[in-house]
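Below, each chain spelled out in residue letters.
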2 protein chains.
Amino acid sequence: MTFRIEHTDKETKARAGEIITAHGKIQTPIFMPVGTRGTVKAVHQHELKDDIRAQIILGNTYHLYLKPGIEIIEKAGGLHKFIGWDRPMLTDSGGFQIFSLADERRKTQPGAKPMRKISEEGVHFSSDIDGSTHFFTPENVMDIQRSIGADIIMAFDECTPYPCEYDYAKKSMDMTHRWLKRCNSRFKETEGKYGYEQSLFPIIQGSVYKDLRIQSAEFVAAQNCEGNAIGGLSVGEAPDDMFAMTEVVCNILPKEKPRYLMGVGTPGQLLECIALGIDMFDCVMPTRNARNGMLFTSQGTIAISNAKYKDDFSPIDPDGTSFVDKQYSKAYLRHLNKADEMLASMIASIHNLAFFLELMRQAREKIIDGTFREWKDKMVKQTEQRL
Amino acid sequence: MTFRIEHTDKETKARAGEIITAHGKIQTPIFMPVGTRGTVKAVHQHELKDDIRAQIILGNTYHLYLKPGIEIIEKAGGLHKFIGWDRPMLTDSGGFQIFSLADERRKTQPGAKPMRKISEEGVHFSSDIDGSTHFFTPENVMDIQRSIGADIIMAFDECTPYPCEYDYAKKSMDMTHRWLKRCNSRFKETEGKYGYEQSLFPIIQGSVYKDLRIQSAEFVAAQNCEGNAIGGLSVGEAPDDMFAMTEVVCNILPKEKPRYLMGVGTPGQLLECIALGIDMFDCVMPTRNARNGMLFTSQGTIAISNAKYKDDFSPIDPDGTSFVDKQYSKAYLRHLNKADEMLASMIASIHNLAFFLELMRQAREKIIDGTFREWKDKMVKQTEQRL
């Protein structure tokens with residue numbers, strides 16, 4: 001993997017760059033659609049490529065390990081071949097899911113006793129599907145991601161919840177650092193073993209504590225990996241805390257490597273974080289909100305179920321770049337949403353992803369032509385409006 | 001609307017023809033995908049056109065009247081414009097839904113008291129959505145279909161259930177005939193009033209009683225409409241009864257007008273009914289079964305959830321004509337189905353519809369080149385196998 005910065009903004013810390021992987025180029029800043037179980041929900045692969053113009057998508061180790069299981073993906077010749085996607089891919093390590101889904105299951109299945117035991121060795125956890133028990137360690141999470149075969153794989157970390165006591169955050173961060181060393185060793189030992197060219201990104205933790213974030217960023221930077229990620233944000237803290245932690249970390253991370261802010265965020269948050277020096281994002285927001293009838297546009301957000309759209313026959317988004325913006329009206333999409341038709345989720349998911357990707361392409365253009373800051377300030381305001 | 005028979009098979013009563021409507025041509029025999037609420041479930045309009053190559057799709061008066069409501073469709077300038085579909089369209093009258101959905105609701109909502117009171121004047125019924133009460137008459141069902149604006153609209157009938165006593169079937173049929181006269185009068189009175197070119201198809205009833213079917217076919221044929229439909233079949237009777245009734249009716253209906261068999265059926269049943277002289281079909285089977293993981297192929301049916309497909313990385317259907325057949329494997333589709341991902345329904349719906357449409361195109365070709373019967377017998381056997 002190589003990373004080259006093409007342009008750095010003069011007024012902010014925004015960068016326009018290019019990552020080259022075995023599966024092709026990624027022009028940054030980039031938003032990566034989330035394909036948790038090997039599918040970006042409600043979207044065909046060719047739509048991601050040709051209409052949304054996604055350059056890289058995400059898979060999730062935790063989910064894919066449980067279903068369909070690593071054996072199937074190995075037999076298929078890796079995740080790319082299994083799902084029919086020939087562009088770059090990234091897999092999350094599953095750390096976040098082990099921690100979030102146990103809580104999720106407790107909420108929706110009050111009788112369930114989801115298990116999650118953290119030790120220095122790793123995490124014993126129960127499946128959110130059938131309650132069966134499993135054990136993830138830094139080593140086997142590397143092995144699993146080696147056989148899934150994504151271009152970029154993530155270190156196994158503990159994603160601390162929010163709020164989180166300082167002492168817990170520190171202990172957890174220290175363990176995540178020790179796990180990172182183990183991930184790195186295993187990653188190096190297994191180089192070439194599975195036949196894929198892969199890069200490992202470590203994850204910075206430290207909750208909302210500035211000194212911990214500094215420690216973690218310094219530790220992570222010293223590992224000298226090919227790219228670096230910031231985890232444990234967008235988990236419930238105030239956006240200002242998220243920005244503050246991102247800024248602190250970006251000031252420490254090496255400039256010449258891509259920076260990936262995990263799980264963020266709204267269109268406005270993406271733009272603010274680009275200004276802080278972030279190159280890569282992922283988030284379920286565009287697809288999850290789409291399924292709830294929320295559309296992101298350059299003028300603000302639309303709740304399509306609102307009665308005022310019932311006879312609004314104008315395009316979903318006049319500025320939209322996707323075919324759905326030309327082909328369907330707001331009134332039709334509202335009807336589909338109210339009738340609980342699958343096509344509603346399909347249209348809204350494509351629209352939202354196309355909007356996020358187009359926003360990144362525009363940001364890149366503005367960085368290159370030197371007008372990023374002014375445009376960013378305008379777009380943050382506009383996209384935060386409710387239409 | 002014009003209908004021209006291009007070729008009649010020598011060994012069977014199959015015909016290859018062409019219907020010309022204000023929205024374009026329909027080559028028969030044809031299968032019409034069902035778009036009950038203004039959407040063929042899980043399929044984009046452009047996929048119906050370019051990939052599945054549907055020539056005509058269905059809408060449903062009952063469902064569209066309740067949601068989004070006729071006012072919205074009128075404001076949009078008709079159903080074609082509302083949903084973004086510029087090829088021919090047909091709307092069912094809602095007779096079948098009023099009768100079937102009341103029972104449906106009783107099954108799923110034991111406390112519900114769905115209402116359906118039939119009188120000479122029309123049918124009082126309660127909405128399956130909110131229980132609100134409505135009144136459909138032959139006259140207002142014509143008016144509603146006039147404002148929806150489909151190229152072919154259906155007479156308002158009572159779809160008799162199965163099994164059905166002879167006396168009830170006869171009384172019901174007689175009333176359906178009187179309603180047909182009222183439909184026809186209203187249809188003629190409203191000619192040109194809504195600005196759409198439309199044709200009215202009457203519906204033959206008579207349950208599984210040969211003498212009633214003969215009476216009904218003779219009555220309907222005498223109305224001299226532009227096409228004729230056979231209703232009240234595929235509602236639970238044995239396939240042989242369905243074939244027998246279809247044969248009796250086809251022998252009476254004028255040859256020079258299109259014949260539409262409503263709600264039928266499996267690929268094998270379609271081919272047998274083409275051999276009896278049917279030109280048009282509709283059925284929810286390809287899309288409904290798709291959502292349950294059942295795929296129709298030229299070699300037989302596939303239940304994709306079957307464990308034997310878990311590592312079968314061959315194409316969904318090697319003979320399939322759709323992009324999904326090339327792009328996705330059985331193992332991937334099985335994974336999506338087991339993970340309850342929307343993409344599973346999206347892929348299977350497109351595949352099944354593409355298969356049904358391709359089967360009709362092949363039947364047409366075989367009728368024209370004089371090899372229909374032999375091919376039909378082989379395909380009926382093949383498609384009935386379970387893989």
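These numbers come from a predicted model, not from an experiment. (Residues numbered from 1 in each chain as written. Chains lettered and ligands numbered in written order. Predicted model: local features only at pLDDT ≥ 70, side-chain atom pairs only at ≥ 80, totals over all residues.)

Side note on the sheet that holds strand β7 (residues 116-118) of chain A
Residues and elements named next belong to chain A.
Here comes step 1: Strand order across the open sheet formed by three strands is β7-β8-β9, with antiparallel pairing between neighbours. In the strand order of this sheet, the two ends are held by β7 and β9 (133-136), each with one partner. Taking each pair of neighbouring strands and ignoring which way they run, the sheet shows an average axis angle of 15°.
Here comes step 2: Bridging between β7 and strand β8 (residues 123-126) involves three bridges; their strand directions are antiparallel. When the bridges of β8 are listed, Arg-116 appears paired with Phe-125. (Pairing = 2+ DSSP bridges. Helix = DSSP H or I, 4+ residues; strand = E, 2+ residues; numbered from the N terminus. Axes fitted to C-alpha atoms, helices over the stretch in contact; angles between N-to-C directions.)

Brief notes about the sheet that holds strand β3 (residues 24-28) of chain B
All names here are of chain B.
Here comes step 1: Spatial strand order, β1-β2-β3: three strands in an open sheet with antiparallel pairing. Strand pairing shows two members of the sheet lacking a second neighbour, β1 (2-8) and β3, which therefore form its edges. Neighbour-to-neighbour, the strand axes of this sheet turn through a mean angle of 15°, independent of strand direction.
Here comes step 2: Inspection of the sheet shows strand β2 (residues 15-21) paired to β3 by five bridges, in the antiparallel sense.

Brief notes about the pairing of strand β16 (residues 294-297) of chain A
Residues and elements named next belong to chain A.
Here comes step 1: Pairing geometry for β16 and strand β17 (residues 300-303), over four bridges, is antiparallel. Bridging from a neighbouring strand, Leu-295 pairs with Ile-302 of β17.
Here comes step 2: Where β16 folds back onto β17 in an antiparallel hairpin, the turn is made up of two residues.

Looking at the packing of helix α13 (residues 330-338) of chain B against helix α14 (residues 342-369) of chain B
All names here are of chain B.
Here comes step 1: Running from N to C, α13 and α14 cross one another at 130°; their axes reach a closest spacing of 7 Å. As summarised for this structure, α13 and α14 are arranged oblique, according to the angle between their axes. At the point where α13 passes α14, the crossing takes the left-handed sense. Across the interface between the two elements, Leu-333, Leu-336 and Asn-337 of α13 pack against Leu-343, Ala-344, Ile-347 and Ala-348 of α14.
Here comes step 2: Among the residues making up the contact of α13 with α14, the classes are represented as six nonpolar, one polar and no charged. (Parallel < 35°, antiparallel > 145°, perpendicular 65-115°, else oblique. Left-handed = near helix turned anticlockwise from the far one by under 90°. Contact = placed C-beta atoms within 7 Å. Nonpolar A, V, L, I, M, F, W, Y, C, P; charged D, E, K, R; others polar.)

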